[in-house]
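Chain residues, written in single-letter form:
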Amino acid sequence: VRPLECRWEDFYCRCAGDYGEPIDYRRWLIQLFIWVALVLVARSVLSLLMYPVQDQLYTAAEVVLSPFNHVPNNGKVEVSSLCRFAVVSHRILFFFLISR
């Protein structure tokens, strides 16, 4: 049994998904914990940034969805159009961020 000390070699991988042969579950768990912590921090920061401007975000959503007000079964159309809008805007944003 190894002592519970955290060393860089324990969770460092040269490529994603490389956990050794046989699989080192300790390395996998450490990486999983780090990933979960990063996701929680990112979501918390986004929530804190979005809270003060939530009224403007609701207004923007109403403007984007206004062409679909006359469509019957409005809810499904709104969700599908918002999903498409989110994917397209996400890809455009990352295109400009990554292509630099």
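Scroll up a little and you will see the structure.
What you are looking at is a predicted structure, and each value in this text was computed from that prediction instead of being measured.

Asks: Hey, could you run me through the overall build of the protein in this one?
Replies: A count of helical and extended segments in the protein gives four helices and zero strands. Counting the 100 residues in the protein, one finds 8% classified as buried. Looking at the protein alone, contacts between residues at least 24 apart form 3% of all its contacts between residues at least 6 apart. If you sum the accessible surface of the protein, you get close to 9100 Å²; carbon and sulfur atoms cover 69% of it.

Asks: In this structure, what is going on with a nonpolar patch on the surface? I would like to understand it.
Replies: A cluster of nonpolar side chains, Ile23, Tyr25, Trp28, Leu29, Leu32, Phe33, Ile34, Trp35, Val36, Leu38 and Leu40, forms an exposed patch at the surface whose accessible area comes to about 1200 Å². Within the fold, Leu40 resides in helix α2 (residues 25-50). Among the residues examined, Leu40 registers a relative accessible area of 51% and is labelled exposed.

What counts and what doesn't
Residues numbered from 1 in each chain as written. Predicted model: local features only at pLDDT ≥ 70, side-chain atom pairs only at ≥ 80, totals over all residues. Heavy atoms only, no water. Helix = DSSP H or I, 4+ residues; strand = E, 2+ residues; numbered from the N terminus. Buried < 20%, exposed > 50% of the residue type's maximum accessible area, 1.4 Å probe, protein only. Contact = heavy atoms within 4.5 Å. Areas by Shrake-Rupley, 256 points an atom, 1.4 Å probe, with all protein chains shown as cover. Patch = residues over 30% accessible without salt bridge, like charges linked within 9 Å, V, L, I, M, F, W, Y side chains within 5 Å. Salt bridge = Lys/Arg side-chain N within 4 Å of Asp/Glu carboxyl O.

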